[in-house]
Every structure is written in structure tokens, then in C-alpha cells.
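Structure assessment
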Amino acid sequence: LTRGLTALCSGLLQIKGESLCFLVVYCPIFLNNFLFVLAVEKFYRLSLECLQDKKLALQSALFFCFTPASIFMSANYTEPLFAYLSFAGMLEVERVNAKDAAEFNLSSVRCIATASVFFCLAALTRSNGAMLGVVYLGYSTLTFVKNVYEETGRVDFFSKTVLKRVIMVASLMSLFVCLA
């Protein structure tokens, strides 16, 4: 990604020599800072979805910005891209979990499929992304079963709603594991 951006900038601006070295050094920093801002925005939205409290979500995002490890978000590492993709995947899963369990429909399938794509891209960015995706999609399934139990007082694992959800998440998890 950074090589492509550097090549694009040097080609568009007709840069050679020492200025090209400047681009090689500073393009990744600019790119990673931009990705970090996007990751913070996704983290804020994820916190807002989970916590349902704007003040607490904002504080969480600020703590994410000012952790000692945030220095890696500006260096030429894959952390900001991984954070963005991971938070985007988690946000899609939480959107499904926030819906009523009985409303499992095409929109829910799209959210889980989008989450799987984000987790696959995260796994391509860093190897620990594969485990993150499997764990989070499994968590989504367990949360769904818990929500069904809380609404109905029982879980009929062979009901059409539960079977559709389990089969869909299992097939997406299989696809995710194969791609990762």
C-alpha cells in the first residue's frame, strides 16, 4: 500500500533523487496517520454501538488515541490498517447483535458477510487477524442464541431462525478460515 502510494506520488509529481527518498520515508507516515484517524472513528462508532453512551464512547476513543502503543500507529507498521479493519468487522457484527433476534434477515446476512470480508482483510494484514475473525463471529453466534433465549425463555436449536443463523455463520466462518 505504501509502495503504491509512493510510486503514485513520485509519478504524478515527477519526483526523482533526494525528493524520492523523502517520499519513501514520509508517505507511510502520512498514510498510517490517516488510517489511524479512520480506526479511531470506527472505534468510536463501535464503542457507541456497544456502550450506548456518547460520553463513554468518546472517552474510550480518546484513551485509544493516547495509549503508549499509539506510537506504532504513526510508524511504518501495519497496526493502523489492522485496527481499522478489525474495528470495522466488529462494528458490522455488533450491528447484527443489536437487532432483534427474530429479525434475522437479508440485512443481517449482509452485515455478517461484510464483517467476514473485513476480518479476511485484517488476517491478510496481520496473522493474528485470522483468530480475531473466528472468535468474533463465534461470539456473534453465541450472542444470537442468548438473545433468542432471553426473548422466548427457551432455545429450540432446530427452529428455522436459529438454524439459518448457525448455518450462515458457520459457512462464512469456513470461508473466512479458507481465505485466511
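Since the model is a prediction, treat every value here as computed from it, not as a measurement.

**Considerations on the side chain of Ser60**
Along the chain, Ser60 turns up in helix H3 (residues 54-65). On the accessibility criterion, Ser60 (19% relative accessible area) is buried. For Ser60, the contacting residues outside a window of four places in its chain are Phe43, Ser47 and Leu51.

**Let's talk about the packing of aromatic side chains**
Inspection of the entire model under this criterion finds five aromatic pairs. The rings of Phe36, Phe43, Phe64 and Phe87 are connected pair by pair, giving a single aromatic cluster. Here the basic side chain of Arg126 rests over the ring of Phe82, its NZ or CZ set 5.6 Å away from the ring centre.

**Examining the confidence of the model for the protein**
Summarising the model, the protein shows a mean pLDDT of 77, and 63% of its residues fall at 70 or more. Here helix H1 (residues 2-13) stands out as the least confident element of the protein, with mean pLDDT 61; H3 is the most confident, with 94.

**As for unusual backbone geometry**
You will see that Gln52, though not glycine, has its phi angle at about 55°, which is positive. Position of Gln52 among the secondary structure elements: in the loop between helix H2 (18-51) and H3. Under the relative-accessibility criterion, Gln52 is labelled exposed at 61%.

**Structural notes on the pattern of salt bridges**
Pairing is possible between side chains of opposite charge, provided their charged atoms come close. Scanning all chains against the criterion turns up three salt bridges. Between Glu41 and Arg45 there is a salt bridge; the shortest N-O distance is 3.0 Å. Taken as a pair, Glu41 and Arg45 lie in helix H2 at a separation of four residues, close to a single helical turn. One salt bridge connects Glu79 with Arg126, and the closest N-O pair in it is separated by 2.8 Å.

**Here we look at H3**
In this model H3 runs 17 Å from its N-terminal to its C-terminal C-alpha over 12 residues, within 8% of the 16 Å that 1.5 Å per residue would give. Residues Ala57, Ser60, Ala61, Phe64 and Cys65 constitute the buried set of H3. Each buried residue of H3 lies within a common arc of 140° when the element is viewed along its axis, so the set occupies one face. Projecting away from the buried face of H3 at angles above 90 degrees are the exposed residues Lys55 and Phe63. The N-capping residue of H3, defined by a side-chain oxygen 3.3 Å from the backbone nitrogen of Lys55, is Asp53.

**Here's the deal with the environment of Arg95**
Of note, Arg95 is situated in helix H4 (residues 79-98). Discounting residues that sit within four places of it in the chain, Arg95 has contacts with Arg45, Glu49 and Cys111. A distance of 2.8 Å separates polar atoms of two side chains, one belonging to Arg95 and the other to Glu92.

**Quick notes on the nonpolar core**
Formed by 27 residues in total, the largest nonpolar core has its most connected members in Phe64, Phe87 and Phe119. Contributing elements (two or more residues each) for this core: H2, H3, H4, helix H5 (106-125) and helix H6 (128-152). Considering each element in turn, this core owes the most residues, 10 residues, to H4. Phe64 has contacts with Phe36, Val40, Phe43, Ser70, Met73, Ala83 and Phe87, leaving out every residue within four places of it along the chain.

Parameters and conventions
Residues numbered from 1 in each chain as written. Predicted model: local features only at pLDDT ≥ 70, side-chain atom pairs only at ≥ 80, totals over all residues. Heavy atoms only, no water. Helix = DSSP H or I, 4+ residues; strand = E, 2+ residues; numbered from the N terminus. Buried < 20%, exposed > 50% of the residue type's maximum accessible area, 1.4 Å probe, protein only. Contact = heavy atoms within 4.5 Å. Phe/Tyr/Trp six-rings, centres within 6.5 Å; stacked < 30°, edge-to-face > 60°. Lys NZ or Arg CZ within 6 Å of the ring centre and 35° of its normal. pLDDT = per-residue confidence, 0-100. Salt bridge = Lys/Arg side-chain N within 4 Å of Asp/Glu carboxyl O. Expected span 1.5 Å × (residues − 1). Arc of directions from axis to C-beta. Polar contact = N/O pair within 3.5 Å; in protein donor to acceptor, adjacent residues only side chain to side chain. Core = buried A, V, L, I, M, F, W, Y, C linked by side-chain atoms within 4.5 Å.

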